[in-house]
Every structure is written in structure tokens, then in C-alpha cells.
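Observations on chain architecture
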Amino acid sequence: MKASPPTFPRLEVLRDEVRAMRAYAVPDASGLIKLDAMENPFSLPPGLARELGERLSAVALNRYPPADPARFKQRLAQMAGLPAGKALMLGNGSDELIHLMIQACARRDEPGGAVVLAPTPTFVMYEVFARLDGCRFTGVPLRPDFRLDIEALLHAIGAQQPALVFLAYPNNPTGNLFARGEIEAVLDRAPGLVVIDEAYLPFAQHTWMPQLEERPNLVVLRTLSKLGLAGLRLGYACADARWIAEFDKLRPPYNVGVLPLAAAGFLLEHFEVLQRQADVIRSERDRLLQALRARPELTAFDSAANFILFRAADPDRLFDGLLRRGILLKNVSGSHPLLAGCLRVTVGTPQENEAFLQALGALS
Ligand code: PMP
């Protein structure tokens, strides 16, 4: 008798945790004022965009990227203030580097696996990648005002001995900078790596890069995304060269394409354009914060980033009302108990921010 043919698709060959997951949701923003994803709202000046086009037209698309784009990395290290003797690696967005560091620490086949720890709420991908790679994820809740609960954090570090601690500085989605002295205590106490994620550095202007000199367990993670180059997908991790050499073993070959490399190389030569845009975003953030604080029905939290978290009595109604008026925010109210009632707005152009404020006024 012939065996009956298998029915397809045989999704059961996939890991259970993959089938149980939901894909990272990116809403369709066509036609909307897009204030949901912490992008820089400004495009490149037309002259510079044309010059960039010319530069890109000379790139050899038939060739793989160089194994080690040393010149580009040198320039980036110089601009980033990487201390002498420390190393840097590039990733397809800092997302890829987060995943890669977690993969390097995960101990799938050992009972209990490795622990990845972060204060929560924070950037969701630390937990997503940790779980996907078979790590245990420990989230230590922040205080209600979003400061670190340093006693609870140090206690969890002592009890769980995490391989990796992630601290977003400033934190997403709360927007605040954790106290430096408390981060020093985490660095003192952590048995493994502490990754300080400086994705929002252009708006915070506080860095841990110089501390790489005296902190062998520190990784400073950065990205070009929030500076205005989210579409390039280029992040970098800075640490002692011995860490980077290990992580590099897990990097997929050619993880950063020739076009992002060439575009970033060109734009580093014109860095002041992006910095000036960040200056405008910072001052717009402060203006937006004041305007939100002037509304008694809202509570807006301090921000050192290019977004502001605020609490409303009925966040779902407000989110939907703004959407009907063509403005897309991020509704984070259901994502963590400490974020109950909260929406997150990314700072846009002055015109976009004005449109947002007017829509808010019309809705209250
Ligand atoms: N870290 C933090 C704190 C973030 O908020 C984000 C993106 N929202 C990232 C890292 C990832 O950035 P990218 O992959 O674009 O470099």
C-alpha cells in the first residue's frame, strides 16, 4: 500500500515558539503624518541628495561588500569618539547587533539557559530576541516615574547572574535617561556584559563611550537610524576588541550592503547637515513638551529623545481620533502596566507638530 502523501504546508516542522509569535507590526502610514517610529522627519537637502545619487551610481553592485570596510569603520570610530584600542562592528541596524550579542550568550542546551535582563518597559526587541534564542528574560519594572528601581535591579542581577543586561539610554518608550550613578552600580555588579543602547544619542547628547576605557564589561550600542538614516539600516557596537572578535564570528557574511556603506560614508562627510536637523528636533521636542504640559487632561513625561510619552484618560479614543485626522502615533497603553493610558509621539517637523497639537485641541 502506498503511504499517503504529506499534506502541505507542514508548519509543524517549525519551532513552536516561532509559530506562537506575532511578526513585528509596522502599520501602513501612507497618507498619514507619521509620528510613530522615531524617525527624523527631515529629508536631505536636494543638492546633497543629488550628490549622494551620483556617489551611489559609482558603486559596484555586482560585487559583495568588502570583508572589513576598514576605512569607513575608522571614520565612524573617529566621529563616535571610540577610545583608542577599542573596537567597533557594524550591523544591519542595531537590531541585528542586539540579536547577535544575545545569540553569543544563549546556552540553549543547558538547563535554565542564560539570563538576559533589562528594566521594563523598554525596547521590546531585547525580550523578543532573548526568548527566540532560548534565553530566560527577566524584566525588572521601573518605578512609576520611570526611574530605575535600583535596589530591585541589583538584587535581580545578584540572584540571576545575567549574561547580558540591556539599558537603553535614553529609554524607549519612556524617553528618560537613567541616573548615571545607578548605571555605574549596574556596571560594578553585573557578572556579564552591560549593553548601553545609545540609539537616541543625537537628542540626549550624553554618552558612555569614554567609559569603555575603564569598563571591560561595557558595550556601547549605537545606530544611524534616529539621526535621519533609518532606511539605511546601519548600527554599530563598540567594546573591547576581544568581545567584538567573538561577536564577529556570528555576523552573517556581508551583513551590510554596499549601498548603505557608500551612503553612510558619503553622509559622514556631511555630518553637520544631520546634526543641524537633530538640533531642530531637540528644540521642537522642548516646544512640544511645553504644549502638551499646558493641557491639564494630559501628563507628559520628560524626554531626552526624539519622542515624548504622555498619558491620557482614554488613550484608545485619542489614538483613533488622531488617526481619523491623519496623524499616526504609537499606542503603547496596553504593552506594560506602567504604561497604562500612554501614547508615544515622535517629534516631527514644526508643521507636523503643529498639526498634531491642533488635532489634540480639536479632540479634547
Ligand atoms: N534600540 C532602541 C532603544 C530603539 O528604540 C531602537 C528602534 N526603535 C533600536 C535600538 C533599533 O534601531 P535600528 O535597528 O534601526 O538601529
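Residues numbered from 1 in each chain as written. Predicted model: local features only at pLDDT ≥ 70, side-chain atom pairs only at ≥ 80, totals over all residues. Heavy atoms only, no water.

A look at the sheet that holds strand β5 (residues 164-168)
Test applied: A pair of strands is considered paired only if DSSP assigns at least 2 bridges between the two. Each helix is a run of DSSP H or I of at least 4 residues and each strand a run of E of at least 2, with the numbering of both proceeding from the N terminus. With axes taken as lines fitted to C-alpha atoms, and helix axes fitted only over the stretch in contact, angles between N-to-C directions fall between 0 and 180 degrees.
The seven strands lie next to each other as β2-β8-β7-β6-β5-β3-β4, forming an open sheet whose pairing is mixed. Strands with a single pairing partner mark the edges of an open sheet, and in this sheet they are β2 (86-91) and β4 (136-141). Neighbour-to-neighbour, the strand axes of the sheet open up by a mean angle of 20°, direction not taken into account. As defined by bridge partners, strand β3 (residues 115-120) adjoins β5 across two bridges and the pair is classed as parallel.

Remarks on the site of the ligand
Threshold: Any residue with a non-hydrogen atom lying within 4 Å of a molecule or strand is treated as near it. Here a polar contact is taken to be a pair of N or O atoms separated by no more than 3.5 Å, where protein atoms must pair a possible hydrogen donor with a possible acceptor and residues adjacent in sequence count only if both atoms sit in side chains. Accessibility throughout is a Shrake-Rupley quantity obtained with a 1.4 Å probe, and a residue counts as covered only by protein chains that appear here. We place a 1 Å grid over just the protein atoms. Points where a 1.4 Å probe fits but has no way out form a cavity, open points with protein on both sides within 12 Å along at least 5 of 7 lines form a pocket, and any residue with an atom within 4 Å of a point lines it. A pocket or cavity is taken to hold a molecule when more than half of that molecule's atoms are within 2 Å of the pocket's grid points.
As a structural note, the neighbourhood of the ligand is formed by 13 residues, with Asp197, Tyr200, Thr223, Ser225 and Arg233 the closest of them. A distance of 2.8 Å separates an oxygen atom of the ligand from a polar atom in the side chain of Asn172. Burial of the ligand by the surrounding chains reaches 93%, relative to a free accessible area of 400 Å². Here the ligand is seated within the largest pocket.

Points about the environment of Leu338
Using the following cut-off: Whether two residues touch is decided by their heavy atoms; if any such pair falls within 4.5 Å, the residues are in contact.
Tracing the sequence through the fold places Leu338 in the loop between β12 (330-331) and β13 (342-346). Measuring from C-alpha to C-alpha, the distance between Leu338 and Pro121 comes to 7.4 Å, with 217 residues separating the pair along the chain. Not counting residues within four places of it along the chain, the set of residues in contact with Leu338 comprises Thr120, Pro121, Pro141, Leu142, Arg143, Pro144, Phe146 and Arg311.

What to know about the pairing of β4
What counts, and what does not: Crossovers are described as right-handed under a simple rule: with the strands pointing away from the observer, the path leading from the first strand over the helix to the second runs clockwise.
Where β3 lies against β4, six bridges are found, and the strand directions are parallel. Note on β4: the bridge partner recorded for Ala118 is Gly139. In this fold, the crossover linking β3 to β4 by way of helix α5 (residues 125-132) has right-handed handedness.

Describing the packing of helix α6 (residues 150-160) against helix α7 (residues 180-189)
Using the following cut-off: Put simply, angles under 35 degrees are roughly parallel, angles over 145 are roughly antiparallel, angles from 65 to 115 are roughly perpendicular, and the rest are oblique. All residues other than Ala, Val, Leu, Ile, Met, Phe, Trp, Tyr, Cys, Pro, Asp, Glu, Lys and Arg, Gly among them, are scored as polar; the first ten of these are nonpolar and the last four charged.
The N-to-C vectors of α6 and α7 enclose an angle of 10°; their axes lie 10 Å apart at closest approach. In terms of orientation, α6 and α7 fall into the roughly parallel class. Listed contacts from α7 to Ile150, Leu153, Leu154 and Ile157 of α6 are Glu182, Ala185, Val186 and Arg189. Residue composition of the contact of α6 with α7, by class: six nonpolar, no polar and two charged.

A look at the domain arrangement of the protein chain
Interface size is often expressed as the accessible area that is lost when the parts come together. Here is the rule: Where a domain begins and ends is set by an automatic assignment or by a domain database. When two parts are brought into contact, each loses some accessible area as probed by a 1.4 Å sphere; the total of that loss over both is the buried area. Counted as salt bridges are all cases of a side-chain nitrogen of Lys or Arg within 4 Å of a carboxyl oxygen of Asp or Glu.
Here the domain parsing of the protein chain yields domain 1 (11-46 + 272-363) and domain 2 (58-269). Placing a centre on the C-alpha atoms of domain 1 and another on those of domain 2 gives a separation of 23 Å. Counting from both sides, the interface comprises 29 residues of domain 1 and, opposite them, 32 residues of domain 2. Interface of domain 1 and domain 2: buried area, both sides summed, is about 2300 Å²; carbon and sulfur atoms make up 68% of it. Together, Leu274, Ala304 and Leu338 form the three largest contributors to the area buried by domain 1 at its contact with domain 2, with a combined 23%. Summed over the shared surface of domain 1 and domain 2, the result is zero salt bridges. Counting across the domain 1 and domain 2 interface gives eight residue pairs in polar contact (both at pLDDT 80 or more). Contributing elements (two or more residues each) for the side of domain 1 that touches domain 2: α12 (271-293) and β10 (307-311). By residue number, the principal contributor to the side of domain 1 that touches domain 2 is α12, which donates seven residues.

Things to note about the sheet that holds strand β9 (residues 299-300)
The strand order β9-β10-β13-β12 describes an open sheet built from four strands, whose pairing is antiparallel. The outermost strands of the open sheet, each flanked by one partner alone, are β9 and β12. With two bridges connecting them, β9 and β10 associate as antiparallel partners. Looking at the pairing, Ala300 lines up with Phe310 of β10. This element, α12, spans β9, β10 and β13 of the sheet and lies at about 10° to β10.

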